[in-house]
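# Observations on chain architecture
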Amino acid sequence: MGLGSDRVVVVTGASRGAGKGIATALGETGATVYVTGRTRHEGDAPLPGTVYATAEEITRRGGNGVPVVLDHGDDEQVRGLFDRVSADHGRLDILVNNALALPDGLTDKGPFWAKPLSLLSLLDVGMRSSYVSTYYAAPLLISGGGGLVVNTSSFGGTCYMHGPAYGMGKAAVDKMAHDMAVDFRSSNVAVVSLWMGLLETERTRAAFAADPAAYDGLAATAESPEFVGRVIDALARDPKLMQRSGRVLIGAELAAEFGVTDTGGRRPPSHRPFLGDPPAFSDAVID
């Protein structure tokens, strides 16, 4: 797997938020980073950010940002992305599955039957899209002699967070990482699910401003999106990476282990004490 300036990376869902931060942090290492998303122009989405702006920021920081406008709900568009990476480089070092539909009503209070059925869209762009991207990326990861797949996830995989639709999606990508790791192991490709903490994204900053009391104390512990990218960079460099494959890992805990700090030298805490432990999966393999 390439390190630093010779890395080839794909980060899905990178117009803004976690994806943008991850992509720019990995771009700072000198990598070529393909960033995907649907937003072409400012104003096309309620929140700021475009795939082009993310790619430009990656290049400004010393990497090579490659914008790819696509809908992760369309399998053919996704296949086209990896066909392009194959034609350009013939390999892929890191895939970050971050694309996620965030439908209206997700964080509304109340039981699931009082929320829109459209919440299930996050199982299409989220759970299913992570599978599809990894499916098409697999030959490129293997041809490079080894690589890393990261599914971005959260404590919502085991605790109640925003209701069952969100929980299903996160639990699914966690288990997906475990099972894909079994298939990839002989190819030296690691697959992990990475639990992020509360992220200081465009969306959460708006929420902080709208209801400061609701986030009192939490805002100070928020992770920057770039922090997640720094953790992924350190994980990819870990000589014991394959020993972690198939596991659900907590970003803040990996950062403490690797000596990674957030912007401004901050050290965000792990939320394990009050949100719970990652799942432990069986070692049994039934083909």
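Residue indices begin from 1 for each chain and proceed along its sequence in written order. Where totals are concerned, whole chains, interfaces and linings use all residues; where local detail is concerned, this predicted model gives features only for residues with pLDDT of at least 70, and gives and counts side-chain atom pairs only at 80 or more. Computation of side-chain values: all heavy atoms of the structure, hydrogens and water removed.

The chain is annotated in an unreviewed UniProt entry as SDR family NAD(P)-dependent oxidoreductase of Nocardia stercoris. UniProt positions are given in the numbering used here, feature names are shortened, and annotations may be inferred rather than shown by experiment. Per UniProt, the chain carries the Sequence similarities (unreviewed entry) text "Belongs to the short-chain dehydrogenases/reductases (SDR) family."

## Details of the overall build of the chain
Every helix listed is a DSSP run of H or I at least four residues long, and every strand listed is a run of E at least two residues long, numbered separately from the N terminus. Looking only at helices and strands, the chain has ten helices and seven strands in total. Note that the radius of gyration is over C-alpha atoms, with the globule rule given as 2.2 Å times the number of residues to the power 0.38. In terms of C-alpha radius of gyration, the chain reaches 18 Å, essentially the compact-globule figure of 19 Å for 287 residues. When the backbone C-alpha atoms are referred to their principal axes, the chain occupies close to 50 × 45 × 40 Å. Counting only residues that meet the buried cut, the chain has 53% of its 287 residues in that class. The contact criterion used throughout is that any non-hydrogen atoms of two residues lie within 4.5 Å. Residue pairs at least 24 apart in sequence account for 72% of intrachain contacts in the chain once pairs closer than 6 positions are excluded. When the accessible area of the chain is evaluated, it comes to approximately 12900 Å², of which 53% is carbon and sulfur surface. Each charge class in the chain can be summarised by its mean position, and for the 26 positive and 33 negative side chains these summaries are 3 Å apart. Only protein chains enter the accessibility calculation, which uses a 1.4 Å probe. A residue is then buried if its area is under 20% of the maximum for its type, exposed if over 50%, and partly exposed in between. For every accessible area listed, the method is Shrake-Rupley and the probe measures 1.4 Å; residues are considered covered only by the protein chains on display. For the purpose of counting charges, residues Lys and Arg are taken to be positive, whereas Asp and Glu are taken to be negative. His and the chain ends are not included. Charge coordinates come from a single atom per side chain, which is NZ of Lys, CZ of Arg, CG of Asp or CD of Glu.

## Some points on a nonpolar patch on the surface
The residues that make up patches have over 30% relative accessible area and no salt bridge, and they are joined within 9 Å when like-charged or within 5 Å when they are Val, Leu, Ile, Met, Phe, Trp or Tyr. Whenever a carboxyl oxygen of Asp or Glu lies within 4 Å of a side-chain nitrogen of Lys or Arg, that contact is scored as a salt bridge. The grouping of L117, L120 and M168 at the surface amounts to a nonpolar patch, some 320 Å² of accessible area in total. Using a relative accessible area of 38% as the deciding quantity, one classes L120 as partly exposed.

## Let's talk about empty space enclosed by the protein
For cavity detection a 1 Å grid was placed over the protein atoms alone, and a set of points counts as a cavity when a 1.4 Å probe fits there but cannot get out; an open set counts as a pocket when protein lies on both sides within 12 Å along at least five of seven lines, with lining residues being those that have an atom within 4 Å of a point. Grid points are joined across faces, edges and corners, and a volume is the space filled by probe spheres set on the points. Under the defined criterion, the tally for this structure stands at two cavities of 30 Å³ or more. Its volume calculated, the largest cavity comes out at about 100 Å³. Around the largest cavity, the lining is made up of 14 residues, and of these L100, G126, T152, K170 and V173 lie nearest the centre. Mapped by element, the contributors of at least two residues to the lining of the largest cavity are α4 (121-143), β5 (147-154) and α5 (164-184). Throughout this entry, Asp, Glu, Lys and Arg are counted as charged residues, while Ala, Val, Leu, Ile, Met, Phe, Trp, Tyr, Cys and Pro are counted as nonpolar. The remaining residues, Gly among them, count as polar. Looking at the lining of the largest cavity, its residues break down into six nonpolar, seven polar and one charged. The calculated volume of the second largest cavity comes to roughly 30 Å³. Looking at the second largest cavity, the residues that line it are T12, H72, N97, N98, A99, S129, S130 and S133. A total of three residues in the lining of the second largest cavity trace back to one element, the largest contributor, which is α4. In terms of residue class, the lining of the second largest cavity is made up of one nonpolar, seven polar and no charged.

## Observations concerning the environment of L106
Relative to the helices and strands, L106 is located in the loop between β4 (94-97) and α4. Look at L106 and you get buried, because its relative accessible area is 6%. As a C-alpha pair, L106 and R79 span 27 residues in sequence and 29 Å in three-dimensional space. Not counting residues within four places of it along the chain, the set of residues in contact with L106 comprises K115, L119, L122, H162 and Y166.

## Overview of the packing of helix α1 (residues 17-27) against helix α7 (residues 225-237)
Axis lines are fitted through C-alpha atoms, for helices just across the contact stretch, and the angle between N-to-C directions can take any value from 0 to 180 degrees. α7 packs onto α1 with a crossing angle of 50 degrees between their chain directions and a minimal axis gap of 7 Å. Judged by the angle between their axes, α1 and α7 are oblique. Every pair of crossing elements has a handedness; the one defined by α1 and α7 is right-handed. The segment α1 lies against α7, with G17, A18, G21, I22, T24, A25 and L26 engaging P225, E226, V228, G229, R230, I232 and D233. Of the residues contributing to the contact of α1 with α7, the split by class is seven nonpolar, four polar and three charged. Put simply, angles under 35 degrees are roughly parallel, angles over 145 are roughly antiparallel, angles from 65 to 115 are roughly perpendicular, and the rest are oblique. Crossings are sorted by hand: turned counterclockwise from the far helix by less than a right angle, the near helix makes the crossing left-handed, and turned clockwise it makes it right-handed.

## Quick notes on the packing of aromatic side chains
Pairing of aromatic rings covers Phe, Tyr and Trp, the last through its six-membered ring, and needs centres within 6.5 Å; plane angles under 30 degrees mean stacked, over 60 mean edge-to-face, and all others mean tilted. Tallied over the full model, the rule gives three aromatic pairs. A ring pair is formed by Y135 and Y136, whose centres lie 5.1 Å apart and whose planes are at 90 degrees; its orientation type is edge-to-face. Look at F155 and W195: their rings are 4.7 Å apart centre to centre, the planes differ by 45 degrees, and that puts the pair in the tilted class. Within this pair, whereas F155 is found in the loop between β5 and α5, its partner W195 is found in strand β6 (residues 189-196), the two being separated by 40 residues in sequence. An identical accessibility class is assigned to F155 and W195; each is buried.

## Regarding the layout of surface pockets
Empty space within the second largest pocket amounts to approximately 370 Å³. Looking at the lining of the second largest pocket, the elements with two or more residues in it are α5, β7 (248-250) and α9 (251-258).

## Things to note about the nonpolar core
Core analysis: the largest hydrophobic core is formed by 33 residues, its most contacted members being V11, I22, V33, L148 and I232. Top contributing element to this core by residue count: α7, with seven residues. If sequence neighbours within four positions are ignored, V11 has contacts with G19, I22, A23, L26, V33, Y34, V35, T36 and V96. Here, nonpolar core refers to any group of buried Ala, Val, Leu, Ile, Met, Phe, Trp, Tyr and Cys residues whose side-chain atoms link them within 4.5 Å.

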